[in-house]
Amino acid sequence: MAEKPTLKVLLAGPRGFCAGVDRAIKIVEEALKRYGAPVYVRHEIVHNRFVVESLEKLGAVFVEELDEIPDDGQPVVFSAHGVPKSIPAEAERRRMFFLDATCPLVSKVHREAEHHFARDRHIFLIGHAGHPEVIGTMGQLPQGAITLVEDEDQARSVVPPPGKALSFITQTTLSVDDTAGIVNILRHRFPEIAAPAKEDICYATTNRQAAVKEIAPRVQMMIVVGAPNSSNSLRLVEVASRSGCEKAVMVQRGRELDLDLVNGYASVGVTAGASAPELLVEEVLARLRERFALDIEEVVVAEEKVIFKLPAALAATPAA
């Protein structure tokens, strides 16, 4: 039998789960342990079908809206992306027991929005229309308090309310480079605009993009393990393409990877979005091993040691 050709694999570090995703999944798992099934989850807890299906097998029931949930006293979990204020208000009105799995770094953006609003500033939110995080952030304040700016063209044309002081905040999972371009335009047009005290794009998004930038010029193809509705995963594909990689593809599972795409290449990079578990990266490597002998090198640009605590209702020791 002919020997398999050698394929150099540069494995991005960091990759995969961030602290906010890890916390959100643990909230659902811990709620199931404490209160039994079902535990209801509004929207996908994180943007990854494998994670969602794994939690469904344990007894999680995913719904789009609260009106799909019966009044049976079982816990309701809000997703890591955050929710408009109307959602917990509705849960309280119905006396539901709810657990908020919003990533603390998304909650930070919510508090920033409230801070600017309290100072009578109009807010530009840099983000993607329709993304759950954007819907949740805009839903922290009355309608009209926030204007969404999606790209540089909108940054050049957006017209703020007359006579208002201005500020900007951002979605946490954006392209670092794209966001910098939008911010530069807004600052040029509105020199007095108030900025976040600390970068809104989260550490995990920044680190994963930095790792891809480091790897992309050294490989012919980048494989991103992620989901098509995951903003941070989509950004990794874009960053790889812009950073000198000939081909960049996204797969959700190892079996989806078309090995014919890899034929003729001597090197590939592999990374994973912040909501993709390491098991799925292992699947991709196993798929590559079907046709190639792998020479794996891990390229680490940052060490992540962030841990977010569980909500007080789950952190406390349950009563005997």
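Everything below is about the structure printed above this text.
Below: a short report on this structure. (Residues numbered from 1 in each chain as written. Predicted model: local features only at pLDDT ≥ 70, side-chain atom pairs only at ≥ 80, totals over all residues. Heavy atoms only, no water.)

### Some thoughts on the overall build of the protein chain
So, point 1. Along its length, the protein chain carries 11 helices and 12 strands.
So, point 2. Taken over the C-alpha trace, the protein chain has a radius of gyration of 21 Å; the compact-globule value for 320 residues is 20 Å, and the two agree within 12%.
So, point 3. If one aligns the C-alpha atoms of the protein chain with their principal axes, the spans along those axes are about 70 × 60 × 30 Å.
So, point 4. By residue count, 51% of the 320 residues in the protein chain fall in the buried class.
So, point 5. When the accessible surface of the protein chain is split by element, carbon and sulfur atoms take 52% of a total near 14800 Å².
So, point 6. Side chains of the protein chain carry 36 positive and 44 negative charges; the gap between the two charge centres is 3 Å. (Helix = DSSP H or I, 4+ residues; strand = E, 2+ residues; numbered from the N terminus. Rg over C-alpha atoms; globule rule 2.2 N^0.38 Å. Buried < 20%, exposed > 50% of the residue type's maximum accessible area, 1.4 Å probe, protein only. Areas by Shrake-Rupley, 256 points an atom, 1.4 Å probe, with all protein chains shown as cover. Lys, Arg positive; Asp, Glu negative; His and termini not counted. Charge placed at Lys NZ, Arg CZ, Asp CG, Glu CD.)

### Observations concerning the sheet that holds strand 8 (residues 165-170)
Sheet strands associate in pairs through backbone hydrogen bonding, adopting either a parallel or an antiparallel arrangement.
So, point 1. Sheet architecture is open: 3 strands sit in the order 7-6-8, paired in parallel fashion. Of all the strands in the sheet, the pair left with one neighbour each is strand 7 (146-149) and strand 8. In this sheet, neighbouring strand axes are inclined to one another by 30 degrees on average, regardless of whether the strands run parallel or antiparallel.
So, point 2. The sheet contact formed by strand 6 (residues 121-126) and strand 8 spans 6 bridges and is parallel. What sits directly across from isoleucine 123, in strand 8, is serine 167.
So, point 3. In the packing of helix 4 (residues 104-118) onto the sheet, contacts are made with strand 6 and strand 8, and the angle to strand 8 comes to roughly 175 degrees.
So, point 4. Against the sheet, helix 7 (residues 176-189) makes contact with strand 6, strand 7 and strand 8, and its axis sits at roughly 155 degrees relative to strand 6, the strand it touches most. (Pairing = 2+ DSSP bridges. Axes fitted to C-alpha atoms, helices over the stretch in contact; angles between N-to-C directions. Contact = heavy atoms within 4.5 Å.)

### Let's talk about the side chain of serine 233
So, point 1. As for its placement among the helices and strands, serine 233 is situated in helix 9 (residues 231-242).
So, point 2. Exposure remark for serine 233: the relative accessible area of 1% places this residue in the buried category.
So, point 3. Apart from the residues within four sequence positions on either side, serine 233 is in contact with Val224, Val225, Gly226, Ala227, Met250 and Gly273.

### Side note on the sheet that holds strand 1 (residues 6-13)
So, point 1. What the 5 strands build is an open sheet, ordered 10-9-11-1-12; its pairing is parallel. Looking along the sheet, the strands with just one partner apiece sit at the ends: strand 10 (247-251) and strand 12 (293-300). Looking at each pair of strands side by side, their axes are set apart by 25 degrees on average, direction ignored.
So, point 2. Sheet analysis places strand 1 next to strand 12, joined by 8 bridges and oriented parallel. Counted as the bridge partner of lysine 8 is aspartate 295 from strand 12.
So, point 3. Each of strand 9 (221-225), strand 10 and strand 11 (267-272) touches helix 9; the most contacted strand, strand 10, lies at about 165 degrees to it.
So, point 4. The sheet strands contacting helix 10 (residues 278-289) are strand 1, strand 9, strand 10, strand 11 and strand 12, and the helix crosses strand 11 at an angle near 160 degrees.

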